[in-house]
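The residues making up each chain are set out below.
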Amino acid sequence: MQTQEPAAPFVWPFEDASRAPFQVYTDAAIYAREQERLFRGPVWNFLCLECEIPNPGDYKTTFVGDAPIIVARAQDGSVNALVNRCAHKGALVCFKQRGNAPEFNCVYHNWTYDLTGALTGVAFRKGVGGKGGLDADFDFSAHGLERLRVETYGQMIFGTFSQETPPFRDYIGAELCANIDRVFVKPLKVLGYHSQILPNNWKLYAENNKDSYHASLLHVFHNTFGVVRPNMGGGVKISPNGWHHLSYTVRNADSDDAVGREKVRSLKESYKLHDARMMEHRLELGDLTTNAIQTVFPTLVVQQILNALAVRQIVPKGVDRTELVWTILGFADDDAQMQELRLQVNNLVGPAGLISMEDGCVGGWVQQAAKADPQAMTVMPMGGRGVEASEGSRVTEAAVRGFWRGWRALMGV
Amino acid sequence: MNATRLEADLALRQRLEDLYADYVHAIDDDRLEDWPGFFVASGVYRIATRENRDLGLPLNLMYCDGRGMMEDRVAALRTANIYEPHVYNHAVSALRVTENETGTIRARSNFSILRTVNGGETSVYACGRTYDEIVEEQGLLRFRERLVVLDSRQIDTLLAIPI
């Protein structure tokens, strides 16, 4: 009888992060290690927005890696992040997506937890007729829901399993915090949700967001319809450790709002776009930035595309499946006209987005091709081999290499 | 209900059945250029999700305000957007006229879509309901408003072709 040899431990096959083996997208053992080392490691995982749970008792469910999470606001206003798994038999304590509740009851055996996750009740704890029930020394305080540490930044709620995770501001650094401060400048409101099931490993989408090189090559809507404003500047900012990034485009200072609209209009006439309303941009953030795509390692994207504001959460669903959850935002004080503009601009992004739908399928194409040769490697040579920021050019893969630096550091490979 | 009224209702119902069949045939046969013509010039087309509607949230997956935007969407699919070739097979059912007063017809229907990608795998892609406003224009029934509400918020891979 043949015995299965134990799998050799995974070793990064190249001297730096400018190559990555296809195995990282296809290997179930690596996926399992990510759950332990990465998602339960010293990272801030996006959970939800403050405006989604404004009142005591409000809750929302989400995921950190494979772990189901409840985010709940307690009576004292504090935000609690709890693993959504009963301490008794492990059933989901909360199976609704959102709501308001005074406490959480596991329906299986009616164990009850308060909004901070403390176990407050066990059905038949004293048994029936003096028989059964809990032993006298059963310790309620040792059987609460597992808690995550929570921090709020820029109206976003983050959670971490690790005691080592630095404060959020230090985690991404002041330079990248500045973009969150710039975009989420007023109280937010949710305009809606949608999600995409991507037929690929979660890291392919994480890389895609950091890959400013692909944007004008894969997404050709702008070029095809001539709706590119001339003289656009921009660049890529990267946190010193490489983990987080910001890719941004700034339009020329001479194309103020009215002129910018005029240019779109004139291009509309010479090209084929019948109605350019979705390309309009009302300057609202006090600068000329038209696009800002920011990542917070490992799974958050903060988006400003014209007036389309959103957060995207990457949720792994197995080694070759990912749910991309879009939360589309506006400001609480938007008037009807502004809301209509945001709804129009959202034609550009999302699962049906005219400039983003390709991202839904391109990862799947890598996934399909990667499977056959786990040892073969992707090549990321654009803009050198390091993780330096880039001013004036987005033709670089530095932020993608930065992602792999972070991934390797946490995975210990 | 008198016999004349019943006859008129049946005739309308038959015309609506034809409209809904012609609409899905145009999409399923990849005659997307014909799609905007099912709407009046100022017609509104939206694909939303049940989740957002239930929460009272205004977001759409696809939103065309006027035929021009529909034509732009089709032109983008033909010339700019990149995705694996795929075809829909719509099944439309439970068509019901909910209102028929003062020249405007309101109707709802259920639908499901089987999607076949690259001539290969067929899978259930979407199901939901349509809530429509239909008017008669030059002897033809056209949509003034078509709201498609998907039962699921999850789109498998991407949503390129209208529903």
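Residues numbered from 1 in each chain as written. Chains lettered and ligands numbered in written order. Predicted model: local features only at pLDDT ≥ 70, side-chain atom pairs only at ≥ 80, totals over all residues. Heavy atoms only, no water.

Asks: What am I meant to see in the overall build of chain B here?
Replies: Looking only at helices and strands, chain B features 3 helices and 7 strands. Computed over C-alpha atoms, the radius of gyration of chain B comes to 16 Å, within 12% of the 15 Å expected from 2.2 N^0.38 for 163 residues, which places it in the range of a compact globule. By its C-alpha atoms, chain B is 55 × 30 × 30 Å across when sized along the principal axes. A buried classification covers 48% of the 163 residues belonging to chain B. The contacts in chain B between residues at least 6 apart in sequence include a share of 57% that link residues at least 24 apart. Accessible surface, chain B as shown: approximately 7,500 Å² in total, 48% of it carbon and sulfur. Taking the average location of the 19 positive side-chain charges in chain B and that of its 26 negative ones, the two points are 4 Å from each other. (Helix = DSSP H or I, 4+ residues; strand = E, 2+ residues; numbered from the N terminus. Rg over C-alpha atoms; globule rule 2.2 N^0.38 Å. Buried < 20%, exposed > 50% of the residue type's maximum accessible area, 1.4 Å probe, protein only. Contact = heavy atoms within 4.5 Å. Areas by Shrake-Rupley, 256 points an atom, 1.4 Å probe, with all protein chains shown as cover. Lys, Arg positive; Asp, Glu negative; His and termini not counted. Charge placed at Lys NZ, Arg CZ, Asp CG, Glu CD.)

Asks: Is there a simple way to think about the confidence of the model for chain A in this case?
Replies: Low pLDDT marks regions whose predicted coordinates should not be analysed in detail. With 92% of its residues at a pLDDT of 70 or more, chain A has an overall mean of 92. Note that residues 256–260 of chain A has pLDDT below 50 and, in this model, 8 contacts with residues that lie over four places away or in other chains. (pLDDT = per-residue confidence, 0-100.)

Asks: Is there a simple way to explain the sheet that holds strand 7 (residues 104–105) of chain A in this structure?
Replies: Sheet strands pair by backbone hydrogen bonding; their relative direction is either parallel or antiparallel. Residues and elements named next belong to chain A. Reading across the sheet, the 3 strands line up as 7-8-9 and stay open at both edges, with antiparallel pairing between neighbours. The sheet terminates laterally at strand 7 and strand 9 (119–121), the two strands that pair on one side only. Where strand 7 lies against strand 8 (residues 112–113), 2 bridges are found, and the strand directions are antiparallel. By the bridge assignment for strand 8, F104 is matched with Y113. (Pairing = 2+ DSSP bridges.)

Asks: What is the right way to read the environment of D359(A) from this model?
Replies: Residues and elements named next belong to chain A. Inspection of the secondary structure puts D359 in helix 10 (residues 358–370). For D359, a relative accessible area of 11% gives the class buried. Considered as a pair, D359 and N208 are 151 residues apart in the sequence and their alpha carbons are 7.4 Å apart. If sequence neighbours within four positions are ignored, D359 has contacts with Y205, N208, H214, L218 and H219. Of the polar contacts made by the side chain of D359, one reaches the side chain of H219; its length is 3.0 Å. (Polar contact = N/O pair within 3.5 Å; in protein donor to acceptor, adjacent residues only side chain to side chain.)

Asks: Whenever I open this one, the sheet that holds strand 12 (residues 188–198) of chain A confuses me. Can you help?
Replies: With mixed pairing, the 9 strands of this open sheet are ordered in space as 20(A)-13(A)-14(A)-15(A)-16(A)-17(A)-18(A)-12(A)-7(B). Either end of the sheet is taken by a strand with one partner, and the two such strands are strand 20 (390–391) of chain A together with strand 7 (154–156) of chain B. Along the sheet, helix 5 (residues 202–210) of chain A contacts strand 12, strand 14 (245–250), strand 15 (289–296), strand 16 (300–305), strand 17 (308–316) and strand 18 (322–331) of chain A; its crossing angle with strand 17 of chain A, the most-contacted strand, is approximately 150°. (Axes fitted to C-alpha atoms, helices over the stretch in contact; angles between N-to-C directions.)

Asks: Would you take a moment to explain the side chain of R73(A) for this structure?
Replies: Residues and elements named next belong to chain A. Relative to the helices and strands, R73 is located in strand 4 (residues 67–73). One buried charged side chain, R73, makes no salt bridge at all; its nearest oppositely charged neighbour is E50, positioned 4.1 Å away. Polar contacts involving the side chain of R73 include one to the main-chain carbonyl oxygen of G77, which spans 2.9 Å. Once you skip the residues sitting within four places of it in the chain, R73 turns out to touch E50, I53, P54, N55, P56, G57, D58, S78, V79 and L115. (Salt bridge = Lys/Arg side-chain N within 4 Å of Asp/Glu carboxyl O.)

Asks: What is the right way to look at helix 2 (residues 28–39) of chain A in this model?
Replies: An α-helical turn contains 3.6 residues, so a residue and the one three or four places further along point in the same direction. Residue and element names in this part refer to chain A. With 12 residues, helix 2 should cover 16 Å at 1.5 Å per step; its first-to-last C-alpha distance of 15 Å lies within 8% of that length. All of the buried residues in helix 2 are I30, Y31, E34, Q35, L38 and F39. The buried residues of helix 2 occupy one face: seen down the axis, they fall within an arc of 155°. Exposed side chains of helix 2 directed beyond 90 degrees from the buried face belong to A29 and E36. (Expected span 1.5 Å × (residues − 1). Arc of directions from axis to C-beta.)

Asks: Help me out: how do you make sense of the packing of aromatic side chains in this one?
Replies: The geometry of two aromatic rings is summed up by the distance between their centres and the angle between their planes. All names here are of chain A. Considering all chains together, one arrives at 28 aromatic pairs over all chains under this definition. Between F10 and W12, the aromatic rings sit 6.5 Å apart at their centres with planes inclined by 90°, giving edge-to-face as the arrangement. Comparing F10 with W12 shows no difference in burial state: the two are buried. Taking 6.0 Å as the distance between ring centres and 85° as the angle between the ring planes, the aromatic pair formed by Y171 and W243 counts as edge-to-face. Taken as a pair, Y171 in helix 3 (residues 168–172) and W243 in the loop between strand 13 (233–238) and strand 14 lie far apart in primary sequence, 72 residues in all. Using a relative accessible area of 13% as the deciding quantity, one classes W243 as buried. Over the ring of Y193 we find R98; its NZ or CZ atom is 4.6 Å from the centre of that ring. (Phe/Tyr/Trp six-rings, centres within 6.5 Å; stacked < 30°, edge-to-face > 60°. Lys NZ or Arg CZ within 6 Å of the ring centre and 35° of its normal.)

Asks: For this particular structure, what's the right way to read the interface of chain A and chain B?
Replies: Interface size is commonly expressed as the accessible area that is lost once the parts come together. Taken together, the contacts link 40 residues of chain A with 34 residues of chain B. Approximately 3,400 Å² of surface area, both sides summed, lies buried where chain A meets chain B, with 56% of it carried by carbon and sulfur atoms. A salt bridge links R277(A) to D65(B); the shortest N-O distance between them is 2.8 Å. Where chain A packs against chain B, one counts 22 residue pairs in polar contact (both at pLDDT 80 or more). For the side of chain A that touches chain B, the element with the highest residue contribution is strand 12 of chain A, accounting for 9 residues. Of the residues belonging to the side of chain A that touches chain B, the class tally is 20 nonpolar, 13 polar and 7 charged. Note that strand 12 of chain A and strand 7 of chain B share 3 bridges and pair parallel. From the neighbouring strand, I197(A) faces strand 7 of chain B, where its bridge partner is D156(B). (Buried area = accessible area lost by both parts, 1.4 Å probe. Nonpolar A, V, L, I, M, F, W, Y, C, P; charged D, E, K, R; others polar.)

Asks: Is there a simple way to explain the packing of helix 5 of chain A against helix 11 (residues 398–411) of chain A in this structure?
Replies: When two helices pack together, their arrangement is captured by the angle between the axes and the distance separating the axes. All names here are of chain A. Where helix 5 contacts helix 11, the axes come no closer than 8 Å and their chain directions differ by 140°. Considering the angle they form, helix 5 stands oblique to helix 11. Note on packing geometry: the crossing formed by helix 5 with helix 11 is right-handed. Where helix 5 abuts helix 11, its residues W202, K203, A206, E207 and K210 lie against A399, V400, F403, W404 and W407. (Parallel < 35°, antiparallel > 145°, perpendicular 65-115°, else oblique. Left-handed = near helix turned anticlockwise from the far one by under 90°.)

Asks: Looking at this structure, I do not really get the pattern of salt bridges. What am I missing?
Replies: Opposite charge on two side chains allows them to pair when their charged atoms are near. Inspection of the entire model under this criterion finds 29 salt bridges over all chains. Two residues, D275(A) and R277(A), come together in a salt bridge whose shortest N-O distance is 2.7 Å. Exposure remark for D275(A): the relative accessible area of 14% places this residue in the buried category. Ionic pairing is found between E145(B) and R46(B), a salt bridge with its closest N-O pair at 2.6 Å. With a gap of 99 residues between them, E145(B) in strand 6 (residues 140–150) and R46(B) in strand 1 (residues 39–49) connect regions that are remote in the sequence. Since its relative accessible area comes to 26%, E145(B) is described here as partly exposed. Within this structure, E99(B), R106(B), E133(B) and R144(B) form a network of salt bridges that share partners.

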